[in-house]
Amino acid sequence: MDFCWKREMEGKLAHDYLSSTKRHHGMMTSPRRVCVVTGPVIVGAGPSGLATAACLKERNITSVILERSNCIASLWQLKTYDRLHLHLPKQFCELPLVPFPDHFPTYPTKQQFIEYLEDYARRFDIRPEFGQTVESAEFDENLGMWRVTSVGEEGTTEYVCRWLVAATGENAEPVVPRFEGMEKFEATGVVKHTSQYKTGGDFAGKKVLVVGCGNSGMEVCLDLCNFGAQPSLVVRDAVHVLPREMLGTSTFGLSMLLLKWLPIQLVDSFLLVVSRFILGDTTLLGLNRPRIGPLELKNLTGKTPVLDVGTLAKISTGDIKVCSGIRRLKQHEVEFDNGRTERFDAIILATGYKSNVPSWLKENKMFSKKDGFPMQEFPEGWRGECGLYAVGFTKRGIFGASMDARRIAQDIYESSRKSDQPHRHIQVFMARTSSL
């Protein structure tokens, strides 16, 4: 029955393709491959995509992962700085089914986390299709299937599947703001996003302005300081800075424990009191706190509190300067909102990332066109209509992605049990146009 269904589907697709790509004057078009996938197609081979594939594999469901880069976890492998560690303890960053090795430290390094992910992929025999940039994904009402078009070195491929998992996540594309006069500064200095920053050693002895005071911005400032650079930090908005650990345990772990028993506002009050005792009054350093507590603010906006790893001490000693917002850029110089002008050799944009889902997913019910996140808030945003799923968009890091991966795999498993279309290996055929 599986063979007959697949042959029928392939025949329909081949006819549809040949009919829709006729060219005038009998011209040939380039080869186009069509893959009928009996399991889900997962877009993105980061931690979220790997977690979903592993949970599906545990239920004997084979998936196809499409990844535009040449490796798994490309953000971690290609676009993160050398000194990066997990900001949360490892038990909160585990993927489903596999804990971190016991010998890993509480906060694994970037390389250790990559090693963990590569071992994870090998364990579940996850083999993404690398070099595949998804250009569009659209549900075909006539077929009752998703049609996912990707482009790679060998040309265009259309994957046809019943289930589609968007796993490109919250950090698919860097956010690069434009400032007045930016081209003037770039003509004489360096401007780069943190996705291109590797080490402070590249800026030893230079004056560097870091734009953005999140976890990355704070840590990049510290890294620059440790390598003999002279960093300044642009702080436009209020920010919560908490110690990474308090009362002998991780701040995040303590928060999760307290939330089991106490309301979020009370837990926030506790965190702020202890933070002031440990870190002092951050407003004296030019870091004003928001009126809403750190956990409540995270739930409402997704804005993560900064976990201090030593940056505040450098600000206190004056090794890192705090600046107001940027008004405009000039050659060699930055003019700030307060009217002050200062020379800099380089600018590092720690301005974060954004979702790219609206650029390739053609649907209007699940994902917002504005920010590329599911319109339903956590924990309801993981499932859409017609077999569409989202993983890695919870604004709760790997912990949230792992929760969604389990839900998605279970839902697809239950859906497949109700269907006569089993989940085995994909079959591929080539469809070529011919001159008419």
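## Thoughts on the nonpolar core
- In terms of nonpolar packing, the biggest core is built from 64 residues, with Tyr116 and Tyr120 touching the most fellow members.
- Secondary-structure elements contributing two or more residues to this core are helix 2 (47–57), helix 4 (110–123), strand 11 (207–211), helix 6 (215–226), helix 10 (311–316), strand 21 (346–349) and helix 11 (397–417).
- If you look at the next biggest cluster of nonpolar residues, it comprises 24 residues, including Leu66, Val134, Phe139 and Val148.

## Some thoughts on the sheet that holds strand 18 (residues 326–329)
- Strand order across the open sheet formed by three strands is 18-19-20, with antiparallel pairing between neighbours. The strands lining the two open edges of the sheet, one partner per strand, are strand 18 and strand 20 (341–343). Strand-to-strand twist in this sheet, taken as the mean axis angle between neighbours without regard to direction, amounts to 25°.
- Strand direction decides the pairing type here: strand 18 and strand 19 (residues 333–336), joined by three bridges, are antiparallel. Looking at strand 19, one finds that Arg328 is bridged to Glu335.

## Description of a nonpolar patch on the surface
- Together, Leu257, Trp261, Leu262 and Leu266 line one region of the surface with nonpolar side chains, adding up to about 460 Å² of accessible area.
- Relative to the helices and strands, Leu266 is located in helix 8 (residues 264–279).

## Overview of the packing of helix 2 against helix 4
- For the pair helix 2 and helix 4, the least separation of the axes is 11 Å and the interaxial angle reads 30°. With respect to each other, helix 2 and helix 4 are oriented roughly parallel. Seen along the crossing, helix 2 lies across helix 4 with a hand that is left-handed. For the pair helix 2 and helix 4, contact is made by Pro47, Leu50, Ala51 and Ala54 and by Phe113, Leu117 and Tyr120, respectively.
- Partitioned by chemical class, the residues of the contact of helix 2 with helix 4 number seven nonpolar, no polar and no charged.

## A look at the pattern of salt bridges
- Per the stated rule, a full pass over the model turns up 16 salt bridges.
- With a closest N to O distance of 3.1 Å, Glu335 and Arg327 form a salt bridge.
- Arg327 sits in the partly exposed class, given a relative accessible area of 39%.
- The shortest N-O distance in the salt bridge between Glu335 and Lys330 comes to 3.5 Å.
- What makes Lys330 partly exposed here is its relative accessible area of 30%.

## Quick word on unusual backbone geometry
- Each neighbour pair has its own omega, and for Phe378 with Pro379 the value is 10°, a cis peptide bond.
- For Leu247, which is not a glycine, the phi torsion comes out positive at approximately 55°.
- We classify Leu247 as exposed; its relative accessible area is 63%.

## Topic: helix 9 (residues 294–301)
- The set of residues buried in helix 9 consists of Pro294, Leu295, Leu297 and Lys298. Each buried residue of helix 9 lies within a common arc of 160° when the element is viewed along its axis, so the set occupies one face.
- The elements touched by buried residues of helix 9 are strand 13 (241–243), helix 7 (251–259) and helix 8.
- One or two residues past the end of helix 9 sits Gly302, with phi positive at roughly 80°.

## Some details on the side chain of Ser74
- Considering the arrangement of structural elements, one finds Ser74 in helix 3 (residues 74–78).
- Here Ser74 is in contact with Glu67, Ser69 and Lys79, once residues within four sequence places are set aside.

## Some points on the sheet that holds strand 11
- Pairing is parallel across the open sheet formed by five strands, whose spatial order is 10-21-11-12-17. Edge strands, defined here as strands with exactly one partner in the open sheet, are strand 10 (190–193) and strand 17 (321–323). When the angles between neighbouring strand axes are averaged without regard to direction, this sheet yields 25°.
- Inspection of the sheet shows strand 11 paired to strand 12 (residues 230–234) by five bridges, in the parallel sense. The residue bridging Leu209 from the neighbouring strand is Ser232, located in strand 12.
- Packed on one face of the sheet, helix 6 meets strand 11, strand 12 and strand 21 and runs near 165° to strand 12.

## Focus: the packing of aromatic side chains
- The full count for this structure, using the stated rule, is 16 aromatic pairs.
- The interplanar angle of 35° and the centroid separation of 6.1 Å between the aromatic rings of Phe100 and Phe113 together place this pair among those described as tilted. Note that Phe100 is positioned in the loop between helix 3 and helix 4 and Phe113 in helix 4, a separation of 13 residues in sequence.
- Phe100 sits in the buried class, given a relative accessible area of 4%.
- On the basis of an interplanar angle of 80° and a centroid distance of 6.3 Å, the ring pair of Phe336 and Phe344 is categorised as edge-to-face.
- Relative accessible area serves as the criterion here: at 0%, Phe336 is assigned to the buried category.
- Owing to a relative accessible area of 3%, Phe344 belongs among the buried residues under this scheme.

Basis of the calculations
Residues numbered from 1 in each chain as written. Predicted model: local features only at pLDDT ≥ 70, side-chain atom pairs only at ≥ 80, totals over all residues. Heavy atoms only, no water. Core = buried A, V, L, I, M, F, W, Y, C linked by side-chain atoms within 4.5 Å. Buried < 20%, exposed > 50% of the residue type's maximum accessible area, 1.4 Å probe, protein only. Helix = DSSP H or I, 4+ residues; strand = E, 2+ residues; numbered from the N terminus. Pairing = 2+ DSSP bridges. Axes fitted to C-alpha atoms, helices over the stretch in contact; angles between N-to-C directions. Patch = residues over 30% accessible without salt bridge, like charges linked within 9 Å, V, L, I, M, F, W, Y side chains within 5 Å. Areas by Shrake-Rupley, 256 points an atom, 1.4 Å probe, with all protein chains shown as cover. Salt bridge = Lys/Arg side-chain N within 4 Å of Asp/Glu carboxyl O. Parallel < 35°, antiparallel > 145°, perpendicular 65-115°, else oblique. Left-handed = near helix turned anticlockwise from the far one by under 90°. Contact = heavy atoms within 4.5 Å. Nonpolar A, V, L, I, M, F, W, Y, C, P; charged D, E, K, R; others polar. Arc of directions from axis to C-beta. Phe/Tyr/Trp six-rings, centres within 6.5 Å; stacked < 30°, edge-to-face > 60°.

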